[in-house]
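Now for the letters of each chain:
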Amino acid sequence: MSEPVPAHLADRQIALVDLLDRVLAGGVVVTGNITLSIADVDLVHISLRALLSSVSALRPADG
Amino acid sequence: MTEATPTGVWLYAVTREPVPGELTGVAGEGVRVVEGHGLAAVVGDVPLGSFGEEALRRNLEDLDWLSTVARAHDAVIGAVVARGPAVPIRLATVYHDDDRVRAVLDERHAEFAHTLDFVTGRTEWGVKAYLDQQPEPDESAARAPASGRGAGTAYLARRRAAQTSRAEAEDRAREQVIAVHNRLAALAADACTHPPQSRALAGHHGQMVLNAAYLVEESAARGFAAEVARCDDECAAIRLQLTGPWPPYSFASLEES
């Protein structure tokens, strides 16, 4: 179980997956007049492709 | 003087508070502010060679790049939120110039103001629940006295018992997860769920059965964390993990308002 005392925002140890849940799918989406918003890109593909390639790189002998 | 590299304007957050002076952004750039309608858009100038549309589409597929940029984006937002209420902007929102950023503040200032009011004095917390590893469920079936039936029938009976026991454990876990989510949501100003993370990606043990976010009053944070611990103790079928505090990423959507 995690520390029941809330840590300070600046002292967080953040798992990448938890962060990607939020920065790729959360936050305000602003469209129009921009070069690119991640809202225009297939999110699932980005996060999954990037993450899966890293996972398979860690497991060379995948059956 | 050489020709300047073409740059875009990366948007991190919108706030009403003064922004810390020495923040470094996703491209190692100094973070600055674009003002309008009493709002401050926290931005940085990023080279389009890496952060333009084409480059972004390619770079976002690179986990090391994505990881570095996501952490830098989060670090800026975290520093801004530490100063006062801010609305985080989704990763990879890049404008051509400051005028476009001002236009966004102009068009949507009422929505930003509304969201800023909503997150003021509140913090996001994450709670993930995992199905607890059950002891091998078919032990009692294996020890059952041999009946007159053949070994194949006995095997099938054991298999069925194991499956039933597993299904029952999952049902129990599902009920507990719903109860936990309701208890935690009752302590929060708002709650939402993200899709469960894949085990291969997140590297956790046990199936993830809840990946939720709660927007909690700062004064209630301790009580919320204590309630998470209590739920974890009381619910044998699941294991809980608390993450945070987070900037209010999961509660800053202007889209539906």
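Residues numbered from 1 in each chain as written. Chains lettered and ligands numbered in written order. Predicted model: local features only at pLDDT ≥ 70, side-chain atom pairs only at ≥ 80, totals over all residues. Heavy atoms only, no water.

A. Structural view of the overall build of chain B. When helices and strands are counted, chain B shows eight helices and nine strands. Excluding contacts between residues fewer than 6 apart, the proportion of contacts in chain B whose partners are at least 24 apart in sequence is 77%. Looking at chain B as shown, the accessible area adds up to about 12,500 Å², and 49% of this sits on carbon and sulfur atoms. (Helix = DSSP H or I, 4+ residues; strand = E, 2+ residues; numbered from the N terminus. Contact = heavy atoms within 4.5 Å. Areas by Shrake-Rupley, 256 points an atom, 1.4 Å probe, with all protein chains shown as cover.)

B. Main features of the packing of helix α6 (residues 151–186) of chain B against helix α8 (residues 221–234) of chain B. All names here are of chain B. The geometry of α6 relative to α8 is characterised by a closest axis approach of 10 Å and an angle of 165° between their N-to-C directions. By the criterion of interaxial angle, the relationship of α6 to α8 is roughly antiparallel. α8 is crossed by α6, and the crossing has right-handed handedness. The segment α6 lies against α8, with Val 180, Arg 183 and Leu 184 engaging Phe 224, Glu 227, Val 228, Arg 230, Cys 231 and Glu 234. (Axes fitted to C-alpha atoms, helices over the stretch in contact; angles between N-to-C directions. Parallel < 35°, antiparallel > 145°, perpendicular 65-115°, else oblique. Left-handed = near helix turned anticlockwise from the far one by under 90°.)

C. Just the pairing of strand β8 (residues 208–217) of chain B, in detail. Residue and element names in this part refer to chain B. The buried fraction of β8 amounts to eight of the ten residues, a majority that puts the element mostly inside the structure. Here strand β6 (residues 122–131) runs beside β8; their pairing, made up of nine bridges, is antiparallel. Bridge pairing in β8 links Thr 123 to Val 216. Taken together, the four bridges between strand β7 (residues 190–193) and β8 define a ladder with antiparallel strand orientation. Across the sheet, Thr 193 pairs through a bridge with Ala 212, a residue of β8. (Buried < 20%, exposed > 50% of the residue type's maximum accessible area, 1.4 Å probe, protein only. Pairing = 2+ DSSP bridges.)

D. Molecular detail of the pattern of salt bridges. Residues and elements named next belong to chain B. Counted under the stated rule, the structure contains 14 salt bridges over all chains. With a closest N to O distance of 2.8 Å, Asp 98 and Arg 32 form a salt bridge. With Asp 98 in helix α4 (residues 98–119) and Arg 32 in strand β2 (residues 32–36), the pair connects residues that are 66 residues apart, well separated along the chain. Ionic pairing is found between Asp 97 and Arg 100, a salt bridge with its closest N-O pair at 3.9 Å. Take Asp 97: its relative accessible area is 29%, and that puts it in the partly exposed class. Looking at Arg 100, the relative accessible area reads 29%, which means it is partly exposed. (Salt bridge = Lys/Arg side-chain N within 4 Å of Asp/Glu carboxyl O.)

E. Representation of α8 of chain B. The first and last C-alpha atoms of α8 of chain B sit 20 Å apart over 14 residues, in line with the 20 Å expected at 1.5 Å per residue. Those residues of α8 of chain B that fall on the buried side of the exposure criterion are Ala 221, Phe 224, Ala 225, Glu 227, Val 228, Ala 229, Cys 231 and Asp 232 of chain B. (Expected span 1.5 Å × (residues − 1).)

F. Molecular detail of helix α1 (residues 16–25) of chain A. Residues and elements named next belong to chain A. Burial within α1 is extensive, with nine of its ten residues counted as buried. Those residues of α1 that sit buried are Leu 16, Val 17, Asp 18, Leu 19, Leu 20, Asp 21, Arg 22, Val 23 and Leu 24. Residue Gly 27 follows α1 closely and has a positive phi angle near 75°.

G. Expanded view of the packing of aromatic side chains. Here the structure, examined in full by the defined rule, presents four aromatic pairs over all chains. Ring centres 5.5 Å apart and planes at 85° place the aromatic pair Trp 10 of chain B and Phe 51 of chain B in the edge-to-face group. Of this pair, Trp 10 of chain B sits in strand β1 (residues 7–15) while Phe 51 of chain B sits in helix α1 (residues 48–51); the two residues are 41 residues apart in sequence, bridging distant segments of the chain. The burial state of Trp 10 of chain B is the same as that of Phe 51 of chain B; both residues are buried. On the basis of relative accessibility, which here comes to 4%, the residue Phe 51 of chain B falls in the buried class. Within the aromatic cluster, the residues linked to one another by ring pairs are Trp 10, Tyr 12, Phe 51 and Trp 65 of chain B. Residue placement shows Arg 22 of chain A over the ring face of Trp 246 of chain B; its charged tip is 4.3 Å from the ring centre. A cation over an aromatic ring shows up here: Arg 122 of chain B above the ring of Phe 118 of chain B, its NZ or CZ 5.1 Å from the ring centre. (Phe/Tyr/Trp six-rings, centres within 6.5 Å; stacked < 30°, edge-to-face > 60°. Lys NZ or Arg CZ within 6 Å of the ring centre and 35° of its normal.)

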